[in-house]
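# Residue-level structural notes
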Amino acid sequence: MIAVTTPTLEGSPIKRYIGIVSGETISGVNLFKDIGAGLSNLFGGRASNYEEELAQASQTAINEMCQRAQAMGANAVVGVHLDYFTAGSDNGMLAAIATGTAVEV
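## So, the overall build of the protein chain
Looking only at helices and strands, one finds two helices and four strands in the protein chain. Ordered by position in the sequence, the α and β elements of the protein chain form the string β-β-α-α-β-β. Within the protein chain, the proportion of its 105 residues that are buried is 29%. Of the contacts formed within the protein chain by residues at least 6 apart in sequence, a portion of 77% connects residues at least 24 apart. Surface exposure of the protein chain reaches about 6,500 Å², of which carbon and sulfur atoms provide 55%.

Here it is as structure tokens:
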């Protein structure tokens, strides 16, 4: 399964547009990551724990989107876009959503 941000796949003409597809993930960020990020915010520097959590959430959302696209009969997803937001009563959860167009190339 190929997933790209471009609207086409160079060298692989799109035979059929199947439809919009998405994948979502929501993960909790634990107390220890919050403390580490708070220290990075206070003293400067990167919050590597949050960066890792964000990267993992992105990949999970993309994988979910690709699985759904395959179930629709697609072998690629074009025009992929990733969105992120926090959720929960205390914004303690990180959400990632991948969307794109399922196609057959």
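Alright, that's what it looks like, and here's the rest.
## Regarding the sheet that holds strand S1 (residues 2-3)
The mixed open sheet is built from four strands, whose spatial order is S1-S3-S4-S2. Since the sheet does not close on itself, it has two edges, and those belong to S1 and strand S2 (16-28), each with one partner. Both S1 and strand S3 (residues 76-87) contribute to a ladder of two bridges, which runs parallel. Bridge assignment links Ile-2 to a residue of S3, and that residue is Ala-76.

## As for the pattern of salt bridges
Using the criterion set out here, one finds three salt bridges in the structure. The closest approach of N and O atoms between Glu-104 and Arg-16, which form a salt bridge, is 3.1 Å. Here Arg-16 lies in strand S2 and Glu-104 lies in strand S4 (residues 93-104), a separation of 88 residues in the sequence. On the accessibility criterion, Glu-104 (26% relative accessible area) is partly exposed. The salt bridge involving Glu-64 is made with Arg-68; its shortest N-O contact spans 3.1 Å. With Glu-64 and Arg-68 both in helix H2 (residues 48-71) and four residues apart, the pair spans about one turn of that helix. By relative accessible area, Glu-64 is classed as partly exposed at 26%. Since its relative accessible area comes to 32%, Arg-68 is described here as partly exposed. Sharing partners across several salt bridges, the network here consists of Glu-24, Glu-64 and Arg-68.

Rules used throughout
- The written sequence of each chain sets the order in which its residues are numbered from 1.
- It should be noted that, the model being predicted, local features are given only for residues of pLDDT at least 70 and side-chain atom pairs only at 80 or more, the latter also being counted only at that level, while totals for whole chains, interfaces and linings use all residues.
- By convention in this description, side-chain values take in all heavy atoms of the structure and omit both hydrogens and water.
- Helix and strand definitions follow DSSP, with helices as H or I runs of at least four residues and strands as E runs of at least two, each counted in order from the N terminus.
- The buried label goes to any residue with under 20% of its type's maximum accessible area, the exposed label to any with over 50%, and the partly exposed label to all in between, with areas taken from a 1.4 Å probe on protein chains only.
- The contact definition used throughout considers only heavy atoms, calling two residues in contact when any of these lie within 4.5 Å.
- Using the Shrake-Rupley algorithm and a 1.4 Å probe, accessible areas are obtained, with residue cover drawn only from the displayed protein chains.
- A pair of strands counts as paired when DSSP detects no fewer than two bridges linking them.
- The salt bridge definition used is simple: a Lys or Arg side-chain nitrogen within 4 Å of an Asp or Glu carboxyl oxygen.

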